[in-house]
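Listed below are the residues making up each chain.
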Amino acid sequence: MGKVLEILRNWTLPVAITGGAVVYYLFALIPAFGGFAQAASPVFDEVLPWFLFVILFTTFLKIDYKKLRLAKWHFWVSATQLFVVLMLVGCILYFKIEGFDLVLMECILVCVIGPCAAASSVVTAKLGGSLESMTTYTFVSNVLTAIMIPLFFPLVDQRVEMSFGAAFLMIMWKVCVILVVPMGLAYVVKHLLPKVQQWLISITDLSFYLWGCSLAIVTGITFRNISNSHAPLSLLAAIAVVSFVICVIQFSVGRNIGRFFGSTVESGQALGQKNTAFAIWVSSAYINPLAAVGPGCYIIWQNAINSLELYHHRKNPNK
């Protein structure tokens, strides 16, 4: 039993990804489970945001709020993201890309333009990075995304009808609910209920294991979305490959930017680990629903990379 628990502790993310996929296909392929699966699907969709809320709340309890400040790497990672988005949009417009090629380009675009994942601070902390610096960048990244999406999406897809002000406010509202509220609650608990705060942070890796549970749910939802997309297998394979390549590139570029500022871990997670739930929503709502398959695949790749990073950190914690 001890060995099983150790494996679960060391390989939380692969176990969560595999578990989510296996459970989805069990319910999808076994007719006897069909009724329960249909009833459970909307429940999981509703539970997921609450999981994220609790994860961020328990993470923010550990923050030293006096250390929340901008860093030089924040600017360079943001500038890199903006440059790549401009380059992608320019290519789509200049070459007048259409059809399946446009779907692939839109997949790349949403995987790049998406904000840094709110839960990236959880992995950053596990890898020995700065929780405060990562949290600060999460806010910067979400504001940048809120500006870029209403500016560039109407250029990429002429069917998109979006006013800058309405889209900006909608995205910022989501940011407020996802980030500001749990941070505010954590601040109140930390300063007014210190015993509760100490009890919660004494539970080792609580936010990490909660994130593992949410990842299993997200993986199941991702496989459901891919299975229900009805896209040609060749297109799905191309999207999977493209999302893998862009994921590796973003992690690599981010880590290399961080080397100049002594923030390799933070910078790599900032550029590579995306809020894929947001990317799926924005692709389905504003461009081509098929483009949502891109961030759906991306979530698997980014967590595979996170698993490798955590494995190497366990082996060489001081390197």
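Residues numbered from 1 in each chain as written. Predicted model: local features only at pLDDT ≥ 70, side-chain atom pairs only at ≥ 80, totals over all residues. Heavy atoms only, no water.

Chemist: When you look at the nonpolar core in this model, what are you seeing that I'm missing?
Modeler: General note: in soluble globular proteins, nonpolar side chains tend to be found buried as a group. In this structure, Phe60, Val85, Leu109, Ile149, Phe153, Leu235 and Ile239 are the most contacted members of the largest nonpolar core, which totals 57 residues. Of all the secondary-structure elements, those providing two or more residues to this core are helix H3 (34–60), helix H4 (72–94), helix H5 (99–113), helix H7 (131–156), helix H8 (164–192), helix H11 (233–259), helix H13 (276–286) and helix H14 (293–315). One finds Val122, Leu127, Phe208 and Leu215 within the second-largest nonpolar core, a separate group that totals 23 residues. (Core = buried A, V, L, I, M, F, W, Y, C linked by side-chain atoms within 4.5 Å. Buried < 20%, exposed > 50% of the residue type's maximum accessible area, 1.4 Å probe, protein only. Helix = DSSP H or I, 4+ residues; strand = E, 2+ residues; numbered from the N terminus.)

Chemist: Just to check I follow, could you spell out the layout of surface pockets for this structure?
Modeler: The probe, sized like a water molecule, is rolled over the atoms to show the empty space still left. Empty space within the largest pocket amounts to approximately 1,000 Å³. Secondary-structure elements contributing two or more residues to the lining of the largest pocket are H3, H8, helix H10 (206–227), H13 and H14. Across the lining of the largest pocket, the residue classes break down as 22 nonpolar, eight polar and five charged. (1 Å grid on protein atoms, 1.4 Å probe; cavity = no way out; pocket = protein on both sides within 12 Å on 5 of 7 lines; lining within 4 Å. Points joined across faces, edges and corners; volume = space filled by probe spheres on them. Nonpolar A, V, L, I, M, F, W, Y, C, P; charged D, E, K, R; others polar.)

Chemist: Just to check I follow, could you spell out unusual backbone geometry for this structure?
Modeler: Note on backbone geometry: most residues besides glycine have negative phi, and most peptide bonds are trans. Backbone geometry at Lys96 places phi at a positive 50 degrees, although glycine is not the residue there. Position of Lys96 relative to the elements: it lies in the loop between H4 and H5. Overall, the relative accessible area of 67% leaves Lys96 in the exposed class.

Chemist: Would you mind showing me how to read the packing of H10 against H14 here?
Modeler: For any two helices packed against each other, one specifies the inter-axial angle together with the distance between the axes. Running from N to C, H10 and H14 cross one another at 145 degrees; their axes reach a closest spacing of 9 Å. For H10 against H14, the interelement crossing comes out left-handed. The segment H10 lies against H14, with Phe208, Trp211, Leu215, Val218, Thr222, Phe223 and Ile226 engaging Val293, Gly296, Cys297, Ile299, Ile300, Asn303, Asn306 and Leu310. Residue composition of the contact of H10 with H14, by class: eleven nonpolar, four polar and no charged. (Axes fitted to C-alpha atoms, helices over the stretch in contact; angles between N-to-C directions. Left-handed = near helix turned anticlockwise from the far one by under 90°. Contact = heavy atoms within 4.5 Å.)

Chemist: Any chance you could explain the environment of Leu109 here in plain terms?
Modeler: Along the chain, the position of Leu109 falls in helix H5. Overall, Leu109 belongs to the buried group, its relative accessible area being 0%. The spacing of Leu109 and Val196 is 87 residues in sequence and 43 Å in space, taken between C-alpha atoms. Apart from residues no more than four positions distant in its own chain, Leu109 is found in contact with Val85, Leu88, Val89, Phe153 and Val156.

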